[in-house]
Every structure is written in C-alpha cells, then in structure tokens.
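# Breakdown of the fold
Here's the letter readout for the chains.
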Amino acid sequence: MEAPAAPRVPGESGAVERITVNSPDRMLELGRRLAKLLRAGDLVMLNGELGAGKTTLTRGLGEGLGVRGAVTSPTFVIARVHPSLVQGPPLVHVDAYRLGGGLDEMEDLDLDVSLPESVIVVEWGEGKVEELTDDRLQVVIHRAVGDTTDEVRQVTVTGVGERWGAVELGVLSA
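Please read all numbers here as calculations on a predicted model, not as lab measurements. (Residues numbered from 1 in each chain as written. Predicted model: local features only at pLDDT ≥ 70, side-chain atom pairs only at ≥ 80, totals over all residues. Heavy atoms only, no water.)

## Let's talk about helix α2 (residues 54-65)
The end-to-end C-alpha distance of α2 is 16 Å, a good match for the 16 Å that 12 residues give at a rise of 1.5 Å each. Of all 12 residues in α2, 9 are buried, a share of seventy percent or more. All buried positions along α2 are accounted for by K54, T55, T56, L57, T58, G60, L61, G62 and L65. At its buried positions, α2 is contacted by α1 (24-35), β3 (43-48), β5 (91-95), β6 (119-123) and β7 (136-143). (Helix = DSSP H or I, 4+ residues; strand = E, 2+ residues; numbered from the N terminus. Expected span 1.5 Å × (residues − 1). Buried < 20%, exposed > 50% of the residue type's maximum accessible area, 1.4 Å probe, protein only. Contact = heavy atoms within 4.5 Å.)

Now the structure itself:
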C-alpha cells in the first residue's frame, strides 16, 4: 500500500480505514493483512463494481487464513467452503450477485449455521446478509470505471458492531 491512508475515523459503529491499493498484488497483500484480524464468527461483506478486486481480496484472505483450495469466484455455485489447513476457521466464500432477495433467499446456504465456526465472506452482500449478525466488517472497493487500465483502487473498511469497536484497522495500511 504505497499511498498513506487517511487517518482512522471513529464512527458510531467502530472505525473506518481508507486504503489506496495500486495493483492486484497489493490487493492480495491487503487480504493477507485483513486475515490476521479475523476469527471464527466474523462476517465480511465485500462490495464494489465488477472487476474491482473483491475475489482478489478474498484470495488474499484465504492465503492469510491458511485454507485449502484455490479461492475463485463462486458466481455460479453461489458458495464455496475452504477448510483450514492450519487449525483455524474455514473460509465460506459467497457470491450473492445473482441473488435478488434478502436473507430469506440465502437461507438454503445455512450461513447462520456456518457463521459461529467460520469466517464468512459475502461478495455483493449489501442488503442481503446484514441480519446474520450485528457485528460485521464492510469493505467497499472503488475503481475507475470506463475505458481505463488504471489498477488503482480505493478501499474503505468499516467495522460495524461491538466486535469491531476495539479492533485497530490502521494495521491494514501499514
């Protein structure tokens, strides 16, 4: 993360950290850093335009968590479970892009059952999975749209709920 991040902003739900990422390799590294903050029971919601880097970030999370299997977009299977290779929590990677409704439509995935022992990452989860828990990490990735080869992304990480109130998100920018 070459550019310095904006200072930590206290919020009613926790902290907000803004990070500039300038390459896919840096997005992977951000995912690895974020993985160090995660534990079983955590929900991470990823939002951003198509091609913003949500799956690349999740791949870094998988590397950081030490899970089995290649982390790829679960668009057509909706969800993939990656068991831990290091006695940590499994990673449940969900792509809610094709799901239109809220949590009711996602009920068949049993995310509420998986959450206590897993780290659940939901791409396109906004408006669909917030009811799972009061504590979550919301990650929004902004990229330039249109005809551009610009790989710079602005990533905003927001901690929501008591779980994230005491977590120092500034380590993501280090």
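## Here's the deal with α1
Residues spaced three or four apart along an α-helix face the same direction, because each turn holds 3.6 residues. When the terminal C-alpha atoms of α1 are compared, their 17 Å separation across 12 residues agrees well with the 16 Å that a helix rising 1.5 Å per residue should span. Inspection of α1 places M27, L28, L30, G31, L34 and A35 among the buried residues, and these make up the whole buried set. Down the axis, α1 shows its buried residues gathered within 155° of arc, on one side only. (Arc of directions from axis to C-beta.)

## Remarks on the environment of G66
The residue G66 is located in the loop between α2 and β4 (79-82) in this model. Among the residues examined, G66 registers a relative accessible area of 16% and is labelled buried. Once the C-alpha coordinates of G66 and H82 are considered, the two residues, 16 residues apart in sequence, prove to be 9.3 Å apart. Sequence-distant contacts of G66, defined by excluding residues within four places in its chain, comprise S84, L85 and V86.

## Things to note about unusual backbone geometry
Despite not being glycine, Q87 has its phi angle at roughly 65°, a positive value. By the secondary structure assignment, Q87 is in the loop between β4 and β5. With relative accessibility at 79%, the residue Q87 sits in the exposed group.

## Details of the confidence of the model for the protein chain
When pLDDT is averaged across the protein chain, the result is 82; 75% of the residues are at 70 or more. When the elements of the protein chain are averaged for pLDDT, strand β1 (residues 9-11) gives the smallest value, 39, and α1 the largest, 96. Considering only residues more than four positions removed or in separate chains, one finds that residues 1-12, a stretch of pLDDT under 50, has 30 contacts. (pLDDT = per-residue confidence, 0-100.)

## Observations concerning the pattern of salt bridges
Scanning all chains against the criterion turns up 4 salt bridges. Of the charged contacts in the structure, one is a salt bridge between E29 and R32, with a shortest N-O distance of 3.2 Å. On the criterion of helical spacing, the pair formed by E29 and R32 is a turn pair, its members being 3 residues apart in helix α1. E29 gets classed as partly exposed once you look at its relative accessible area, which sits at 23%. Close ionic contact of D42 with R163 constitutes a salt bridge, the shortest N to O distance being 2.7 Å. One end of the pair, D42, is in the loop between α1 and β3; the other, R163, is in helix α5 (residues 162-165), and 121 residues separate them in sequence. No difference in accessibility class separates D42 from R163, as the two residues are buried. (Salt bridge = Lys/Arg side-chain N within 4 Å of Asp/Glu carboxyl O.)

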